[in-house]
Amino acid sequence: MNDPKVVVALDFGKKSEALSFIDRIEPSDARLKVGKEMFTYFGPEFVKQLTGKGFDVFLDLKFHDIPNTVAKAVTAAADLGVWMVNVHASGGEQMMIKSREALSQFGSEAPLLIAVTVLTSMGQEDLLGLGITKTPAEQVMSLAQLTQKSGLDGVVCSAWEAEQLKLQLGKDFKLITPGIRPAGSSSDDQKRIMTPQQAIDVGVDYLVIGRPITKAADPQAVLQQINHSLNV
Ligand SMILES: O=c1ccn([C@@H]2O[C@H](COP(=O)(O)O)[C@@H](O)[C@H]2O)c(=O)[nH]1
């Protein structure tokens, strides 16, 4: 598979567990996501270890700060050689534009720059708690429109919003969706979920999958089953 659709969220508690999984898969099987937990424990060296093995790494640190700080943070991510990096769309247009501009110096080597819209662990009630009266779908759409206007490559959203986003923002605007659950697996703390096959069918570009793989007795076997079910 030349363009693996699955991005495994490497939320392993121990580095040794992550490495033993990685040693049993190929870069053509999956891309890897390093998030806040593993990055905080193991830092840039861990990311370099993964890129050194030939894996595409999505550095999921969801930067959200003033424009200057975030532009420098995404530059540091690009210096690490990651495939994709993200910011929070709610950081606003100026923050996203400055980040996009900061990556222009990397030319064709620049990582994909995407923005988080509404976390997949959130539903209508959670938005109301923040004083947001839009539905999750409406809020995702307005943040995605702002993201596209700011020149970014795509968004993190749930698969529930994918069809409408592709329709309104075009097929080249990348959709990366956590909240993916194979049929029968626990939803954990995710609220807007879909199965891998359904997500591909509604037009998602990359599926972020963590616990259904990382908590399995045989993570490599589960990944292969998911890839097989996708038939891509
Ligand atoms: O809206 C979002 C944004 C990021 N995530 C991250 O994706 C994985 C999902 O892991 P699962 O175990 O498959 O639930 C995790 O690292 C989150 O930090 C998200 O879930 N939702």
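Residues numbered from 1 in each chain as written. Predicted model: local features only at pLDDT ≥ 70, side-chain atom pairs only at ≥ 80, totals over all residues. Heavy atoms only, no water.

## Observations concerning the overall build of the chain
Looking only at helices and strands, the chain has 10 helices and eight strands in total. Rg of the C-alpha trace for the chain: 17 Å, near the compact-globule value of 17 Å for 232 residues, within the 12% margin. Overall, the C-alpha framework of the chain stretches about 40 × 40 × 30 Å when taken along its three principal axes. In the chain, the share of contacts with a sequence separation of at least 24, taken over all contacts with a separation of at least 6, comes to 68%. Carbon and sulfur atoms make up 51% of the accessible area of the chain, which totals about 10,500 Å². Charged side chains in the chain number 23 positive and 27 negative. The centres of these two groups are separated by 2 Å. (Helix = DSSP H or I, 4+ residues; strand = E, 2+ residues; numbered from the N terminus. Rg over C-alpha atoms; globule rule 2.2 N^0.38 Å. Contact = heavy atoms within 4.5 Å. Areas by Shrake-Rupley, 256 points an atom, 1.4 Å probe, with all protein chains shown as cover. Lys, Arg positive; Asp, Glu negative; His and termini not counted. Charge placed at Lys NZ, Arg CZ, Asp CG, Glu CD.)

## Re the side chain of Asp205
Checked against the element boundaries, Asp205 lands in the loop between helix H8 (196-201) and strand S8 (206-209). Classification of Asp205 by relative accessible area gives buried; the value is 14%. Side chain to side chain, Asp205 and Lys166 meet in a polar contact 2.7 Å long. A polar contact of 2.8 Å, which involves the side chain of Asp205, links it to the backbone nitrogen of Leu175. Discounting chain neighbours no more than four positions away, the residues touching Asp205 are Lys5, Lys166, Phe173, Lys174 and Leu175. (Buried < 20%, exposed > 50% of the residue type's maximum accessible area, 1.4 Å probe, protein only. Polar contact = N/O pair within 3.5 Å; in protein donor to acceptor, adjacent residues only side chain to side chain.)

## Thoughts on the sheet that holds strand S4 (residues 84-88)
As summarised here, the arrangement of the eight strands in space is S1-S2-S3-S4-S5-S6-S7-S8, forming a closed barrel in which the pairing is parallel. Each strand axis lies, on average, 25° off the axis of its neighbour in the sheet, ignoring direction. Pairing between strand S6 (residues 154-156) and strand S7 (residues 174-177): three bridges, direction parallel. Note that in S7 the partner of Val156 across the bridge is Ile176. (Pairing = 2+ DSSP bridges. Axes fitted to C-alpha atoms, helices over the stretch in contact; angles between N-to-C directions.)

## Points about the layout of surface pockets
Size it by volume and the largest pocket reaches roughly 510 Å³. Lining the largest pocket are 24 residues; nearest its centre among them are Asp11, Lys33, Asp60, Lys62 and Gln190. Contributing elements (two or more residues each) for the lining of the largest pocket: helix H2 (36-52), strand S3 (57-63) and S8. Take the lining of the largest pocket: its biggest share by element is three residues, from S3. When its residues are assigned to classes, the lining of the largest pocket shows eight nonpolar, seven polar and nine charged. (1 Å grid on protein atoms, 1.4 Å probe; cavity = no way out; pocket = protein on both sides within 12 Å on 5 of 7 lines; lining within 4 Å. Points joined across faces, edges and corners; volume = space filled by probe spheres on them. Nonpolar A, V, L, I, M, F, W, Y, C, P; charged D, E, K, R; others polar.)

## Some thoughts on the pairing of S3
Most of S3 is tucked away: six of the seven residues are buried. Both strand S2 (residues 31-34) and S3 contribute to a ladder of three bridges, which runs parallel. Bridge pairing in S3 links Lys33 to Phe58. Note that the unit made of S2, H2 and S3 has a crossover that is right-handed. (Right-handed = clockwise from strand over helix to strand, strands pointing away.)

## Looking at the packing of aromatic side chains
All chains considered together, the criterion is met by four aromatic pairs. Ring geometry for Tyr41 against Phe42: centres 5.6 Å apart, planes inclined by 35°, an arrangement best described as tilted. Look at Trp83 and Tyr206: their rings are 5.1 Å apart centre to centre, the planes differ by 90°, and that puts the pair in the edge-to-face class. With Trp83 in the loop between helix H3 (67-79) and S4 and Tyr206 in strand S8, this residue pair connects regions lying 123 residues apart in the sequence. A single burial state applies to Trp83 and to Tyr206, both of which are buried. (Phe/Tyr/Trp six-rings, centres within 6.5 Å; stacked < 30°, edge-to-face > 60°.)

## Considerations on the site of the ligand
Around the ligand sit 16 residues in total, of which Asp11, Lys33, Thr120, Gln190 and Arg211 are the nearest. At a separation of 2.7 Å, an oxygen atom of the ligand approaches a polar side-chain atom of Asp11. A distance of 2.7 Å separates a nitrogen atom of the ligand from a polar side-chain atom of Thr120. Look at the ligand: alone it shows 460 Å² of surface, and the protein chains cover 87% of it. The cavity that encloses the ligand is the largest pocket. Of all elements in the fold, only S3, S8 and helix H9 (211-214) reach the threshold of two or more residues within the shell around the ligand. (Near = heavy atom within 4 Å. Sits in = over half its atoms within 2 Å of the grid points.)

Read these as layout, nothing more, since geometry by itself doesn't imply function.
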